[in-house]
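Analysis of the macromolecular model
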Amino acid sequence: MHDTGNSAIFAPMFYVDTHTHLYLNAFDNDRHEVVMRSVNKGVQYLLLPNIDSSSITLMHRLCDDFPLNCFPMMGLHPTSVKENYKKELQIIESRLAKGGYCAVGEIGLDFYWDITFRKEQEEVFRRQIELALEYKLPLVIHSRKSMDEIILILREINNPGLTGVFHCFSGSPEQAKRIVDMGFKLGIGGVVTFKNSKLKETISKTGLEHLVLETDAPFISPVPYRGQRNESSYIPLIAAHIAETFGIDVSTVAQITTKTALQVFNILPAKNT
């Protein structure tokens, strides 16, 4: 269990960005400023999903710079599953064995960009599920054009120890129900702010207790920053749209989604929160 200590600075209500890639080169010129801007906006915890071996050092460097705010995950992203996937997977396995991660992620299946390694993607996904069970960690799942296939795999494995988040969820109410029935949460980001998005209708049928907040920075910026670089300080904008959807105060969204995120990722908050 991660303990953030007592020296972290917290606003009266605070948020968790459960999925942000602040170590990517989009933030090379102002990375520390972006983190501090997020903290000042009340986004106190920033959870960093790994991509592949090339991102590990960058991710850990940011966590070392902000140990009370940034928490690393470890996983092999499906779009990084190529000819060398076995070597990449070995690196992931060795890192997880050392401990210190809040989740196995970002993992899953991606049938949008390229299906050349579809079979290998499934092999890697299944292996990383095994690792999550071995180390008692949640999964952070990437499911682009593959949500039904992932649900089938999880149902087939059918292990009550499996939990985690479907990152960047934008599926149907039926898919949402299947996911939460398995004990997983829905990661809700900038898409919920889009004018023609059906996501608000879906989450209204699902329930706030099954949601966590995320940005996927630097991608998928919320309105009014759509088309620009995303960052974790925009989490309150996402929360505001969710609050509007449920007809509740944004502080309630912050309280419930933060509590859910801390439980899923087994993060122990500072005692002064």
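Here, every reference points to the structure presented above.
A few points on the structure. Keep in mind that what you see is a predicted model, and the values were worked out from it rather than measured.

What counts as what
Residues numbered from 1 in each chain as written. Predicted model: local features only at pLDDT ≥ 70, side-chain atom pairs only at ≥ 80, totals over all residues. Heavy atoms only, no water. Helix = DSSP H or I, 4+ residues; strand = E, 2+ residues; numbered from the N terminus. Contact = heavy atoms within 4.5 Å. 1 Å grid on protein atoms, 1.4 Å probe; cavity = no way out; pocket = protein on both sides within 12 Å on 5 of 7 lines; lining within 4 Å. Points joined across faces, edges and corners; volume = space filled by probe spheres on them. Nonpolar A, V, L, I, M, F, W, Y, C, P; charged D, E, K, R; others polar. Core = buried A, V, L, I, M, F, W, Y, C linked by side-chain atoms within 4.5 Å. Buried < 20%, exposed > 50% of the residue type's maximum accessible area, 1.4 Å probe, protein only. Phe/Tyr/Trp six-rings, centres within 6.5 Å; stacked < 30°, edge-to-face > 60°. Pairing = 2+ DSSP bridges. Axes fitted to C-alpha atoms, helices over the stretch in contact; angles between N-to-C directions. Salt bridge = Lys/Arg side-chain N within 4 Å of Asp/Glu carboxyl O.

Regarding the side chain of Ser143
Topologically, Ser143 is positioned in strand E6 (residues 139–144). Setting aside its immediate chain neighbours within four residues, Ser143 contacts Leu109, Ile150, Phe166 and His167.

Here's the deal with empty space enclosed by the protein
For the structure on display, the rule yields one cavity of 30 Å³ or more. One number sums up the size of the largest cavity: a volume of about 40 Å³. Residues of the lining of the largest cavity, tallied by class, amount to five nonpolar, three polar and one charged.

So, the nonpolar core
The nonpolar side chains of a soluble globular protein tend to be buried with one another. One finds Leu139, Leu154, Phe166, Ile188 and Ile242 to be the most contacted residues of the largest nonpolar core, which totals 69 residues. In terms of nonpolar packing, the next biggest core, distinct from the first, is built from 16 residues, Phe71, Cys102, Ala103 and Val165 among them.

Looking at the packing of aromatic side chains
The geometry of an aromatic ring pair is captured by the separation of the ring centres together with the interplanar angle, meaning the angle of the planes. Evaluated as defined, the whole model comprises five aromatic pairs. Seen from their ring centres, Phe14 and Tyr45 are 5.7 Å apart, and the 75 degrees between their planes marks the pair as edge-to-face. One end of the pair, Phe14, is in the loop between strand E1 (2–3) and strand E2 (15–17); the other, Tyr45, is in strand E3 (residues 43–48), with 31 residues separating them in the sequence. Taken individually, Phe14 and Tyr45 each receive the classification buried, so the pair is uniform in this respect. A centroid spacing of 5.7 Å and a plane angle of 85 degrees characterise the contact between Phe166 and Phe184, whose relative ring orientation is edge-to-face. Of this pair, Phe166 sits in strand E7 (residues 164–166) while Phe184 sits in strand E8 (residues 184–188), and the two are 18 residues apart along the sequence.

Observations regarding the sheet that holds E3
Through backbone hydrogen bonds, the strands of a sheet pair up, either in parallel or in antiparallel fashion. Taken in spatial order, the three strands of this open sheet run E2-E3-E4, and their pairing is parallel. This sheet does not close on itself; its edge strands, each paired only once, are E2 and strand E4 (70–72). Pairs of neighbouring strands in the sheet enclose a mean axial angle of 20 degrees, with direction left out of account. For E3 and E4, the ladder comprises three bridges, and the chain directions are parallel.

A short note on the environment of Ile141
Structurally, the position occupied by Ile141 is in strand E6. The exposure class assigned to Ile141 is buried, which follows from its relative accessible area of 0%. Taking the C-alpha atoms as reference points, Ile141 and Asp181, separated by 40 residues in sequence, lie 16 Å from one another. In this structure, Ile141 is in contact with Ile107, Gly108, Phe125, Ile150, Leu154, Val165, Phe166, His167 and Phe184, ignoring residues within four places of it in sequence.

Some points on the environment of Lys198
As for its placement among the helices and strands, Lys198 is situated in the loop between E8 and helix H7 (199–206). Each C-alpha atom of the pair Lys198 and Ile179 lies 17 Å from the other, and the pair is 19 residues apart in sequence.

Here's the deal with the layout of surface pockets
Volume-wise, the largest pocket comes out at about 520 Å³. Forming the boundary of the largest pocket are 23 residues, of which Asp110, His142, Arg144, His167 and Cys168 lie nearest the centre. Of all the secondary structure elements, the ones that give two or more residues to the lining of the largest pocket are strand E5 (104–110) and E6. Counting residues per element, the lining of the largest pocket draws most heavily on E6, which supplies three residues.

Considerations on the pattern of salt bridges
Applying the stated criterion across every chain yields a total of 13 salt bridges. For Asp30, the salt bridge identified is with Arg229, shortest N-O distance 2.9 Å. Taken together, the positions of Asp30 in the loop between E2 and helix H1 (31–40) and Arg229 in the loop between strand E9 (211–213) and helix H8 (235–246) put the pair 199 residues apart, joining distant regions of the chain. Using a relative accessible area of 19% as the deciding quantity, one classes Asp30 as buried. Of the charged contacts in the structure, one is a salt bridge between Lys177 and Asp181, with a shortest N-O distance of 2.8 Å. Of the two residues, Lys177 and Asp181 both sit in helix H6 (residues 173–181), four residues apart, roughly one turn of that helix.

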